[in-house]
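In case you want the letters, here they are:
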Amino acid sequence: MKPLIAANWKMNLDLTSATQLVRQINLIKNEISNVDIMVFPSHCYLSLVASVLNQVGAQNVSEYAPGAYTGEVSAEMLKSCGVTHALVGHSERRHIFFETDDILTKKLYQLKSVGIVPIFCVGETLDQRNRVESVIQHQLQPILSFDAPYIIAYEPVWAIGTGQSSTPEDAQSVHEIIQSMVGPGVQILYGGSVTESNLLNLLKMPNIHGALVGGASLKTESFTSILNIASKYEQGALI
Ligand code: PGA
């Protein structure tokens, strides 16, 4: 399977900078066919990104079907804007917006009803590091009974936005646990302070199939380097 590099822009960029960045990504994408590239912008830029790229992700989706839910964005709406994938269970949604397993399950089924593929995120906090296996096993429960295609992102909470990525070996040991639970065909991304400096060694791990990139996806130079490294590794030029 091709490596998948997904850019999670979070709540960053104005319309002008989002437009410039996605155009730059499209230029690189035209030169790189051996890497799957996805961008997860804020909802208000989804149509813009979908007009340029063929794989576009939403950072969130409503747990509800369309109706009187002021401020919410339904799975149907996302689909009509060209969205192909959506994050579910990102640690910022779990911790800042108190999203529970029940809410995450509802979101998964809203996405399934319109054929959007979820990227289901799991990851332990610093306090949970000594029992990472049971934390991850618990967090995976909503997706284990999900009967449609999905991708997993393992993002240790202590590594997100801190500049302190997991070591490739530590990440691999969690990816191996996840793979044994979800089965061999499921793609598992690593996320948490991925940069052009640490990506290569992460990709060399057998159960790391790509990356979910936050901070380093916001600048053309760093994101371009990340895409080039993934492409060269896939070609066998960087071993
Ligand atoms: P980061 O964010 O790359 O800035 O650590 C990753 C994420 O939260 O998806």
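See the structure above.
Computed from a predicted structure; not experimentally measured. (Residues numbered from 1 in each chain as written. Predicted model: local features only at pLDDT ≥ 70, side-chain atom pairs only at ≥ 80, totals over all residues. Heavy atoms only, no water.)

1. Regarding the site of the ligand
- Among the 13 residues in the neighbourhood of the ligand, the closest are listed as Lys10, His90, Glu155, Gly161 and Ser193.
- Within the backbone of Gly161, a nitrogen or oxygen atom sits 2.7 Å from an oxygen atom of the ligand.
- Burial of the ligand by the protein amounts to 95% of the accessible area it has alone, namely 280 Å².
- Residue composition of the shell around the ligand, grouped by class: 4 nonpolar, 7 polar and 2 charged. (Near = heavy atom within 4 Å. Polar contact = N/O pair within 3.5 Å; in protein donor to acceptor, adjacent residues only side chain to side chain. Areas by Shrake-Rupley, 256 points an atom, 1.4 Å probe, with all protein chains shown as cover. Nonpolar A, V, L, I, M, F, W, Y, C, P; charged D, E, K, R; others polar.)

2. Overview of the pattern of salt bridges
- In this structure the tally under the stated criterion is 6 salt bridges.
- For Glu99, the salt bridge goes to Arg93, with nearest N and O atoms at 2.9 Å.
- Residue Glu99 is classed as buried on the basis of its relative accessible area of 10%.
- Counted as one network, the salt bridges with shared partners bring together Arg93, Glu99 and Lys107. (Salt bridge = Lys/Arg side-chain N within 4 Å of Asp/Glu carboxyl O. Buried < 20%, exposed > 50% of the residue type's maximum accessible area, 1.4 Å probe, protein only.)

3. Topic: the packing of helix α1 (residues 15–31) against helix α10 (residues 220–235)
- Running from amino to carboxyl end, α1 crosses α10 at an angle of 25 degrees, the nearest separation of the two axes being 10 Å. If you check the angle between α1 and α10, you find them roughly parallel. The chirality of how α1 crosses α10 is right-handed. The residues of α10 that touch α1, namely those facing Leu21, Gln24, Ile25 and Ile28, are Thr220, Phe223, Thr224 and Leu227.
- Looking at the contact of α1 with α10 residue by residue, the class counts come to 5 nonpolar, 3 polar and no charged. (Axes fitted to C-alpha atoms, helices over the stretch in contact; angles between N-to-C directions. Helix = DSSP H or I, 4+ residues; strand = E, 2+ residues; numbered from the N terminus. Parallel < 35°, antiparallel > 145°, perpendicular 65-115°, else oblique. Left-handed = near helix turned anticlockwise from the far one by under 90°. Contact = heavy atoms within 4.5 Å.)

4. Observations regarding the sheet that holds strand β7 (residues 188–191)
- The strand order β2-β1-β8-β7-β6-β5-β4-β3 describes an open sheet built from 8 strands, whose pairing is parallel. Of all the strands in the sheet, the pair left with one neighbour each is β2 (36–40) and β3 (57–58).
- As judged from the 2 bridges shared by β7 and strand β8 (residues 210–213), these two strands associate in the parallel manner. Note that in β8 the partner of Tyr190 across the bridge is Ala211.
- This element, helix α8 (residues 168–182), spans β5 (117–122), β6 (151–154) and β7 of the sheet and lies at about 150 degrees to β7. (Pairing = 2+ DSSP bridges.)

5. With respect to the nonpolar core
- Of all hydrophobic cores here, the largest spans 61 residues; its most connected members are Ile5, Trp9, Ile152, Ile178 and Leu199.
- Apart from residues no more than four positions distant in its own chain, Leu199 is found in contact with Ile5, Val194, Ala211, Ile226, Ile229 and Ala230.
- By size, the runner-up hydrophobic cluster in this structure holds 11 residues, among which are Leu4, Met38, Ile151 and Ala153. (Core = buried A, V, L, I, M, F, W, Y, C linked by side-chain atoms within 4.5 Å.)

6. Remarks on helix α6 (residues 132–139)
- Of the residues making up α6, those classed as buried are Val135, Ile136 and Gln139. Viewed end-on, α6 has its buried residues packed into an arc of 95 degrees, placing them on one side of the element.
- Packing partners of the buried residues in α6 comprise α4 (91–96), β5, α7 (141–144), β6 and α8. (Arc of directions from axis to C-beta.)

7. Brief notes about unusual backbone geometry
- A positive phi angle, close to 80 degrees, is found at Leu13, a residue other than glycine.
- Counting through the fold element by element, Leu13 comes out in the loop between β1 (4–8) and α1.
- Judged by relative accessible area, which is 25%, Leu13 ranks as partly exposed.
- One non-glycine residue, Phe98, adopts positive backbone phi at about 55 degrees.
- By the element assignment, Phe98 lies in the loop between α4 and α5 (101–114).

8. Let's talk about the packing of aromatic side chains
- Scanning the entire structure with this criterion turns up 4 aromatic pairs.
- Aromatic pair Tyr109 and Phe146: ring centres 5.3 Å apart, planes at 70 degrees, arrangement edge-to-face. On the criterion of sequence distance, the pair formed by Tyr109 in helix α5 and Phe146 in the loop between α7 and β6 is long-range, its members being 37 residues apart.
- Among the aromatic residues, those joined into a ring-pair cluster are Tyr109, Phe146 and Tyr150.
- One cation-aromatic arrangement involves Arg93 over Phe97; the distance from NZ or CZ to the ring centre is 4.0 Å. (Phe/Tyr/Trp six-rings, centres within 6.5 Å; stacked < 30°, edge-to-face > 60°. Lys NZ or Arg CZ within 6 Å of the ring centre and 35° of its normal.)

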